[in-house]
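Here's the letter readout for the chains.
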Amino acid sequence: MAKVSAGAAGEVLAARFLRDKGYTITAANVHSRFGEIDIIAEDGQYIAFVEVKTRSEHALYTPREAVTRVKQRKILGTAAMYLQRHPTAKQPRFDVIEIVTATGHPMKALEINHIMGAYETEGLHAAF
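A brief structural summary. All of these numbers come straight from a predicted model, not from anything done at the bench.

For the rest of this paragraph, the subject is the overall build of the protein chain. Counting its regular elements, the protein chain contains two helices and five strands. Secondary structure elements in the protein chain, listed N-terminal to C-terminal, are α-β-β-β-α-β-β. The C-alpha radius of gyration of the protein chain comes to 14 Å, within 12% of the 14 Å expected for a compact globule of 128 residues. Overall, the C-alpha framework of the protein chain stretches about 40 × 30 × 25 Å when taken along its three principal axes. Buried positions account for 40% of the 128 residues belonging to the protein chain. Intrachain contacts of the protein chain at a sequence separation of at least 6 include 59% that bridge at least 24 residues. Surface exposure of the protein chain reaches about 7,400 Å², of which carbon and sulfur atoms provide 52%.

Structural data, given as structure tokens:
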């Protein structure tokens, strides 16, 4: 059996989590010249651009700490391009889903934390 990367496992777990919460997954692994968005999901009011970060239970840092200002800029640029191609009346929101997994078992989530509106877009308008 092929080994599953922590990142790929985290994205599968995050998509399941969002579906269970009533979101529709619109797209995954959306690429642009700016970067990539892991998951684009919608509910009744929002279109959420979701960055998924996965770490094992003994990691030194929390998964959310890996979503730096540079990463945020890349996500914003990709989101802007996506919205130009797929206009919507829904409010954009930028979320982070952090997943902590059992060591050596990337598909065994010990904790899933959905941080809605994880960062402000103010000051990042250069991405648009």
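Now for the packing of aromatic side chains. This model, assessed by the stated rule, comprises three aromatic pairs. Ring centres of Phe49 and Tyr82 lie 6.1 Å apart, and the angle between their planes is 80°; on these two criteria the pair is classed as edge-to-face. Of the two residues, Phe49 is situated in strand S3 (residues 46-56) and Tyr82 in helix H2 (residues 69-85); the sequence distance between them amounts to 33 residues. For the pair Phe49 and Tyr82, one class covers both residues: buried. The interplanar angle of 25° and the centroid separation of 5.4 Å between the aromatic rings of Phe49 and Phe94 together place this pair among those described as stacked.

With that settled, consider the sheet that holds strand S2 (residues 36-42). Within the open sheet, the five strands sit side by side as S1-S2-S3-S4-S5. Their pairing is mixed. Only two strands of the sheet have a single neighbouring strand rather than two, namely strand S1 (24-31) and strand S5 (105-115). Going from strand to strand, the sheet's axes swing by 30° on average, the running direction of each strand aside. By the bridge criterion, 11 bridges tie S3 to strand S4 (residues 91-102) in an arrangement that is parallel. If you follow Ala48 over to S4, its bridge partner there is Arg93.

This part covers the pattern of salt bridges. Two side chains with opposite charge may pair up if their charged atoms get near one another. Enumeration according to the criterion identifies five salt bridges in this entry. The salt bridge involving Glu51 is made with Lys53; its shortest N-O contact spans 3.3 Å. In terms of burial, Glu51 and Lys53 fall into one category: buried. Taking relative accessible area as the criterion, Glu51 reaches 2% and is therefore assigned buried.

Despite not being glycine, Asn29 has its phi angle at roughly 50°, a positive value. Looking at the element boundaries, Asn29 is found in strand S1.

Basis of the calculations
- All residue numbers refer to position in the chain's written sequence, counted from 1.
- Restriction of local features to residues with pLDDT of at least 70 applies here, the model being predicted, together with a cutoff of 80 or more for giving and counting side-chain atom pairs; totals for whole chains, interfaces and linings are based on all residues.
- To get the side-chain values, take all heavy atoms of the structure and skip hydrogens and water.
- Numbered from the N terminus, helices here are DSSP runs of H or I no shorter than four residues, and strands are runs of E no shorter than two.
- Radius of gyration: over C-alpha atoms. The globule rule applied is 2.2 Å multiplied by the number of residues raised to the 0.38 power.
- Using a 1.4 Å probe on the protein chains alone, a residue whose accessible area is under 20% of its type maximum counts as buried, one over 50% counts as exposed, and one in between counts as partly exposed.
- The contact criterion used throughout is that any non-hydrogen atoms of two residues lie within 4.5 Å.
- Residue exposure ignores everything except the shown protein chains as possible cover, and the areas themselves are Shrake-Rupley values with a 1.4 Å probe.
- Aromatic pairing here means that ring centres of Phe, Tyr or Trp (its six-membered ring) are within 6.5 Å. Orientation follows from the plane angle: under 30 degrees is stacked, over 60 is edge-to-face, and everything else is tilted.
- Should DSSP find at least two bridges between two strands, the strands are regarded as paired.
- The axes used here are C-alpha line fits, helices contributing only the stretch in contact, and every angle between their N-to-C directions lies in the interval 0 to 180 degrees.
- The term salt bridge refers to a pairing of a side-chain nitrogen on Lys or Arg with a carboxyl oxygen on Asp or Glu at a separation within 4 Å.

Nothing here speaks to function; it is geometry throughout.
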